[in-house]
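Notes for the structure review
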Amino acid sequence: QQSETTVQPAPPATASAQPKSRTHIVQRGETLSAISQRYYGSANKWQKILDANRSILKNPDSLTPGIKLIIPD
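Report on the accompanying structure.

Scoring rules and cut-offs
Residues numbered from 1 in each chain as written. Predicted model: local features only at pLDDT ≥ 70, side-chain atom pairs only at ≥ 80, totals over all residues. Heavy atoms only, no water. Helix = DSSP H or I, 4+ residues; strand = E, 2+ residues; numbered from the N terminus. Buried < 20%, exposed > 50% of the residue type's maximum accessible area, 1.4 Å probe, protein only. Areas by Shrake-Rupley, 256 points an atom, 1.4 Å probe, with all protein chains shown as cover. Arc of directions from axis to C-beta. Contact = heavy atoms within 4.5 Å.

Digging into the overall build of the protein chain
Secondary structure assignment for the protein chain yields 2 helices and 2 strands. The helix and strand sequence of the protein chain, counted from the amino end, reads β-α-α-β. Put simply, the protein chain has 73 residues, and 22% of those count as buried. When the accessible area of the protein chain is evaluated, it comes to approximately 5,800 Å², of which 49% is carbon and sulfur surface.

Printed below as a string of structure tokens:
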């Protein structure tokens, strides 16, 4: 007699498996403060965005439209 083997599907991914950051495409006229307000509910967290994007932000006071910023959690 042969026994059957049941294969169980993998469990669904948990929230901890999700990425810890998002991205944002800069639009004309946006500031780090405005982007901070949008994602964090506070304009005062702009430094967090700057720190995550130092390699691409040459002048944080003048954002270039079209660049992709990392928005950390």
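Having put the structure on the table, let's press on.
Looking at helix H1 (residues 32–40)
Each α-helix winds once per 3.6 residues, and so residues spaced three or four apart point in a common direction. Those residues of H1 not exposed but buried are Leu32, Ile35, Ser36, Tyr39 and Tyr40. End-on, the buried residues of H1 take up no more than an arc of 100 degrees, which puts them together on one face. Considering only its buried residues, H1 is in contact with strand E1 (21–25), helix H2 (46–52) and strand E2 (68–72). Glycine 41 occupies a position one or two residues after H1 and carries a positive phi of about 75 degrees.

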